[in-house]
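Survey of secondary and tertiary structure
So you can see what is in the structure, the chains are spelled out below.
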Amino acid sequence: MKTTADIRREFLEFFAERGHTIVPSASLVPGNDPTLLFTNSGMVQFKDVFLGAEKRSYVRVADVQRCLRAGGKHNDLDQVGYTARHHTFFEMLGNWSFGDYFKKEAIEWAWELLTRVWQLPKERLLATVYHTDDESYAIWRDVVGLPEDRIIRIGDNKGAPFASDNFWQMADTGPCGPCTEIFYDHGENYAGGPPGSPDEDGDRYIEIWNNVFMQFDRAADGTLTPLPAPCVDTGMGLERIAAVLQHAHSNYEIDLFKTLIGRIAELTNTTDLDNKSLRVIADHIRASSFLIADGVLPSNEGRGYVLRRIIRRALRHGWMLGVREVFFHKLVDTLDALMGEAYPVLRTQKDFIARALLAEEERFAQTLDAGMRIFSDLAERHPETIPGVDAFRLYDTYGFPLDLTQDMARERGLQVDIDGFNVAMTQQKDTARAAGKFGGGLTMPAELVAQLSPTRFTGYDTLAGEGAQVVA
Ligand code: ATP
Ligand code: MG
Ligand code: MG
Ligand code: MG
């Protein structure tokens, strides 16, 4: 069986043989890009090369890039645990051309790697093209020989959260262009229709590789300016192609995740290996460890707050599995054994990562149990919508980020009143400002907040303190 390590290596060898320079993965924290929270795809480290603002010594390059989709335009945090194919942290195999080769070579090589080197059955593969891109359509039909009923034209999804979209953008501004995507049909045992169909959200047809033809720079007002030279930008999810090559359906069944999930099951005394919480924890230990390795620490703002939210989601899943002690940081060793060779930054930082995770576990442990009990009480009293003011108390006093409460509500088929939450948040900020002390992003202990607005905090302030989440 091909391991994920084999797949990484074979991908890079294939493109090295075709004149590509191999470069290391960049950090999850983009250098010099205020528009972007995290590296969400392989192209991020080449953004300025596309724009013509930076020159490199090569025009063809390939790599394996660590990526995070947990904020901004690309955010898959809410898919984790619900689909077979989404992670927050994942690895993207990519090859690029900076004004060198274009559509024909990119498509032909992708096909060659998948069907000749990796021997995927051709009849399981489909391609989508941007609806007006006749050139890519013709390459798939006439050069590759893909039957027309497996080439699907797709437009822009116009903001639909999840639907296919064959115009790729890194963010609301920056390099973008039409793309052609390759899908693998996992077979009729799985639910879902082909890309572009009404039930395309299922996990039968899984997108494995996107080939983007970078042609424009999008400005904040939406204007598209042509790039100095048309470029190729491709990305293939390592975990998704590994699932296909290992004859598994879900990403969570590949070699790497099997080992990781086995260890989590052991630490949490879980016998049902299909338990969703195991998958979420496995996803989140990767995301948190790599974020810390790249210099992010849990905090109440920006990237640090995304990290805190991811860790606390994982800890809540541990709690659901019955764990009442710290456990999460113990997974760093297993992760290092699995990924430390491919990512030296993980290996060199592993002790620091474990310590940072332990500190956050200890902090949240002080309020997690009480918050969980309060939530289940709320859920019983409010069978449809958790009031915003209560979600705010969970946030403020018990350190439950809003998205954590929403996630718990979702599991019970409930909503959270977001507007009400925001009102409570604004009121508190106003109160704090009126008190004249807590401007500018300072963190204020919940006891103090409770004193400032006694009517809204009665009943909860006994436990206030350590879990406080006030962002003034
Ligand atoms: P999907 O439609 O399945 O959400 P996408 O179109 O958002 O994927 P792209 O932005 O085109 O994904 O990224 C390129 C490739 O990266 C995808 O074809 C897929 O193989 C992989 N990928 C994207 N998002 C994820 C994720 N959250 N977890 C794992 N792999 C992913
Ligand atoms: Mg997506
Ligand atoms: Mg897609
Ligand atoms: Mg895509």
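Residues numbered from 1 in each chain as written. Chains lettered and ligands numbered in written order. Predicted model: local features only at pLDDT ≥ 70, side-chain atom pairs only at ≥ 80, totals over all residues. Heavy atoms only, no water.

Here we come to the overall build of the chain. Of the regular secondary structure elements, the chain holds 15 helices and 13 strands. For the chain, the C-alpha radius of gyration of 23 Å lies close to 23 Å, the compact-globule estimate for 472 residues. In the chain, buried positions account for 58% of the 472 residues. A separation of at least 24 residues holds for 71% of the contacts in the chain among residues at least 6 apart in sequence. (Helix = DSSP H or I, 4+ residues; strand = E, 2+ residues; numbered from the N terminus. Rg over C-alpha atoms; globule rule 2.2 N^0.38 Å. Buried < 20%, exposed > 50% of the residue type's maximum accessible area, 1.4 Å probe, protein only. Contact = heavy atoms within 4.5 Å.)

Two elements, strand β9 (residues 174-185) and strand β10 (residues 205-218), share ten bridges in a ladder whose sense is antiparallel. Across the sheet, the residue bridging to cysteine 176 is phenylalanine 216, located in β10. In this structure, β10 lies alongside strand β11 (residues 224-237), joined through nine bridges in antiparallel fashion. Considered in β11, the bridge of phenylalanine 216 is made with proline 226. Counting the residues that bridge the hairpin from β10 to β11 gives five residues, and of these glycine 222 lies at a positive phi of roughly 95°. (Pairing = 2+ DSSP bridges.)

Attention now goes to the pattern of salt bridges. The tally for this structure, following the rule as stated, stands at 38 salt bridges. In this structure, the salt-bridge partner of arginine 313 is aspartate 403, at a minimum N-O distance of 2.7 Å. Taken together, the residues arginine 313 in helix α8 (residues 302-320) and aspartate 403 in helix α12 (residues 402-411) connect sequence positions 90 residues apart. A single burial state applies to arginine 313 and to aspartate 403, both of which are buried. The partner of aspartate 390 in a salt bridge is arginine 393, and the shortest N-O contact between them spans 3.6 Å. Linking aspartate 390 with arginine 393, this pair stays in helix α11 (residues 388-398), spanning three residues, or about one helical turn. Overall, aspartate 390 belongs to the buried group, its relative accessible area being 10%. Three or more residues joined by partner-sharing salt bridges are found here, namely Asp78, Lys276, Arg309, Arg313, Arg316, Asp403, Asp407 and Glu411. (Salt bridge = Lys/Arg side-chain N within 4 Å of Asp/Glu carboxyl O.)

Looking now at the coordination of the magnesium ion (ligand 4). On the protein side, the magnesium ion (ligand 4) has Glu181 (OE) and Glu207 (OE) as donor atoms, found 1.9 to 2.1 Å from it. Taken as an interatomic distance, the gap from the magnesium ion (ligand 4) to the magnesium ion (ligand 3) is 3.2 Å; glutamate 207 donates to each of them. Placement of the pair is glutamate 181 in strand β9 and glutamate 207 in strand β10, with a sequence separation of 26 residues. (Donors = N, O, S within 2.8 Å, 3.2 Å for Na, K, Ca; no water.)

Another aspect to go through is the pairing of β11. Alignment of strand β5 (residues 89-98) against β11, held across five bridges, turns out to be antiparallel. Opposite leucine 93, over in β11, you have methionine 236 as the bridge partner.

What the rule picks out here adds up to 22 aromatic pairs. On the numbers, 5.9 Å between centres and 80° between planes, the contact of tryptophan 111 with tryptophan 140 is edge-to-face. Placement of the pair is tryptophan 111 in helix α3 (residues 103-117) and tryptophan 140 in helix α4 (residues 134-144), with a sequence separation of 29 residues. Since its relative accessible area comes to 1%, tryptophan 140 is described here as buried. One residue, arginine 153, lies across the ring of tyrosine 137, its end atom 4.4 Å from the ring centre. A cation over an aromatic ring shows up here: arginine 324 above the ring of tryptophan 319, its NZ or CZ 3.9 Å from the ring centre. (Phe/Tyr/Trp six-rings, centres within 6.5 Å; stacked < 30°, edge-to-face > 60°. Lys NZ or Arg CZ within 6 Å of the ring centre and 35° of its normal.)

Glancing now at the site of ligand 1. Lining the immediate environment of ligand 1, one finds 17 residues, of which Asp76, His86, Trp168, Glu207 and Asn210 sit closest. Between ligand 1 and arginine 69 there is a distance of 2.9 Å, counted from an oxygen atom to a side-chain nitrogen or oxygen. In the model, a nitrogen atom of ligand 1 is placed 2.9 Å from a nitrogen or oxygen of the histidine 87 main chain. A total of 590 Å² of accessible area belongs to ligand 1 in isolation, and the protein chains cover 90% of it. Listing elements by their share of the shell around ligand 1, those giving two or more residues are β5, β10 and β11. (Near = heavy atom within 4 Å. Polar contact = N/O pair within 3.5 Å; in protein donor to acceptor, adjacent residues only side chain to side chain. Areas by Shrake-Rupley, 256 points an atom, 1.4 Å probe, with all protein chains shown as cover.)

Turning our attention to unusual backbone geometry. A positive phi angle, close to 55°, is found at histidine 247, a residue other than glycine. Its location among the elements puts histidine 247 in the loop between α5 (238-245) and α6 (255-268). What makes histidine 247 exposed here is its relative accessible area of 76%. In this structure, asparagine 269 takes a positive phi of about 55° despite not being glycine.

Its 18 residues give helix α13 (residues 418-435) an end-to-end C-alpha distance of 26 Å, which sits within 8% of 26 Å, the value for a rise of 1.5 Å per residue. Taken together, the buried positions of α13 are occupied by Phe421, Ala424, Met425, Gln428 and Ala432. Taken down its axis, α13 places every buried residue within 100° of arc, on the same side. The exposed residues of α13 that point more than 90 degrees off its buried face are Asp419, Arg433 and Ala434. Structurally, the start of α13 carries an N-cap: the backbone nitrogen of aspartate 419 is 3.3 Å from a side-chain oxygen of aspartate 417. Glycine 436, located one to two residues past α13, shows a positive phi value of around 75°. (Expected span 1.5 Å × (residues − 1). Arc of directions from axis to C-beta.)

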